[in-house]
Amino acid sequence: MLLGDLADPKYSKWYPLMEWGWTRDDCIRQIEAAGLPQPGKSSCFFCPSMRAEEIIRLRDHHPDLFRRAIALEDNARPNLKTVQGLGRNYSWKERFGKENCTHGNC
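This structure is a prediction, so every number in the text was calculated from the model and none was measured.

**Student:** Quick rundown of the packing of aromatic side chains? Include the residues and the values.
**Tutor:** According to the stated counting rule, one finds three aromatic pairs in the structure shown. Each ring, one from F45 and one from F46, has its centre 5.0 Å from the other, and the planes form 85°; the classification is edge-to-face. Taking the relative accessible area as the measure of exposure, F45 reaches 17% and is therefore buried. Looking at F46, the relative accessible area reads 31%, which means it is partly exposed. The ring of Y90 is capped by R95, whose NZ or CZ atom sits 3.7 Å from the centre of that ring.

**Student:** Residue-level account of the side chain of K93, with values.
**Tutor:** As for its position among the elements, K93 is in helix 5 (residues 92-97). Polar side-chain contacts of K93 include one of 3.3 Å to the side chain of D74.

**Student:** Which residues make up the nonpolar core, and what values do they have?
**Tutor:** Ranked by size, the top nonpolar core spans 12 residues in total: F45, C47, M50, I55, L58, F66, A69, I70, L86, Y90, W92 and F96. At the level of elements, helix 3 (52-61), helix 4 (63-76) and helix 5 are the ones that each hand at least two residues to this core. Among the elements that line this core, the one with the most residues is helix 4, at three residues. Each residue touching F45, except ones within four places of it in the same chain, is listed here: M50, L58, L65, R68, A69, L72 and W92.

**Student:** Give me the pattern of salt bridges: which residues, what numbers.
**Tutor:** Going through the model one piece at a time under the given rule, you end up with seven salt bridges. Between R51 and E53 there is a salt bridge; the shortest N-O distance is 2.8 Å. One salt bridge in this structure joins R51 and E54, with 3.9 Å as the shortest N-O distance. Taking the relative accessible area as the measure of exposure, E54 reaches 18% and is therefore buried. Beyond isolated ion pairs, a larger network of salt bridges with shared partners links E73, D74, R77 and K93.

**Student:** Run through the environment of C44, naming residues and quoting values.
**Tutor:** Relative to the helices and strands, C44 is located in the loop between helix 2 (24-33) and helix 3. Through-space distance from the C-alpha of C44 to that of L65 is 9.9 Å; in sequence the pair is 21 residues apart.

Parameters at a glance
- Residue positions are given per chain, counting from 1 as you read along its sequence in written order.
- Where local features are concerned, this predicted model is filtered to residues with pLDDT of at least 70; where side-chain atom pairs are given and counted, the filter is 80 or more; whole-chain, interface and lining totals use all residues.
- In computing side-chain values, all of the structure's heavy atoms are included and hydrogens and water are not.
- Ring geometry is summarised as follows: Phe, Tyr and Trp rings, the Trp one being its six-membered ring, pair when their centres sit within 6.5 Å, and such pairs are stacked at plane angles under 30 degrees, edge-to-face over 60 and tilted between the two.
- Classification of residues uses two cut-offs on accessible area relative to the type maximum, computed with a 1.4 Å probe and protein chains only: under 20% is buried, over 50% is exposed, and between them is partly exposed.
- Placement of a positive charge over a ring is assigned whenever Lys NZ or Arg CZ falls within 6 Å of the ring centre and within 35 degrees of the normal to the ring plane.
- By the criteria applied, helices consist of DSSP H or I runs no shorter than four residues and strands consist of E runs no shorter than two, each listed in order from the N terminus.
- Pairing of N or O atoms within 3.5 Å defines a polar contact, subject to two protein rules: one partner must be a possible hydrogen donor and the other a possible acceptor, and residues neighboring in sequence count only if both atoms are side-chain atoms.
- Working definition of a nonpolar core: buried Ala, Val, Leu, Ile, Met, Phe, Trp, Tyr and Cys residues. They are joined through side-chain atoms within 4.5 Å.
- The contact criterion used throughout is that any non-hydrogen atoms of two residues lie within 4.5 Å.
- The working definition used for a salt bridge is a side-chain nitrogen of Lys or Arg within 4 Å of a carboxyl oxygen of Asp or Glu.

Structure follows, in structure tokens:
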């Protein structure tokens, strides 16, 4: 299924899984049949929509990315007017990271 990009006509997008008529369940079955692990949720390491358990997993399993997210939050702090940090109404650093943060701004 080749679709034009409405935002920029010089690009087109191809959706092979849709073209094949695959559903999410079909994809899961194919991944399992290949003996591969199911992929996790896809998002940026600094996604404000992350749930607490995802932030804790990031902190515990990818401390380098967690520190980068905290650094982004710290760099933005002087300009924040309507949010507290990456958690929108709270700071990741305050809630999940002060004792684990080592990038120098903690």
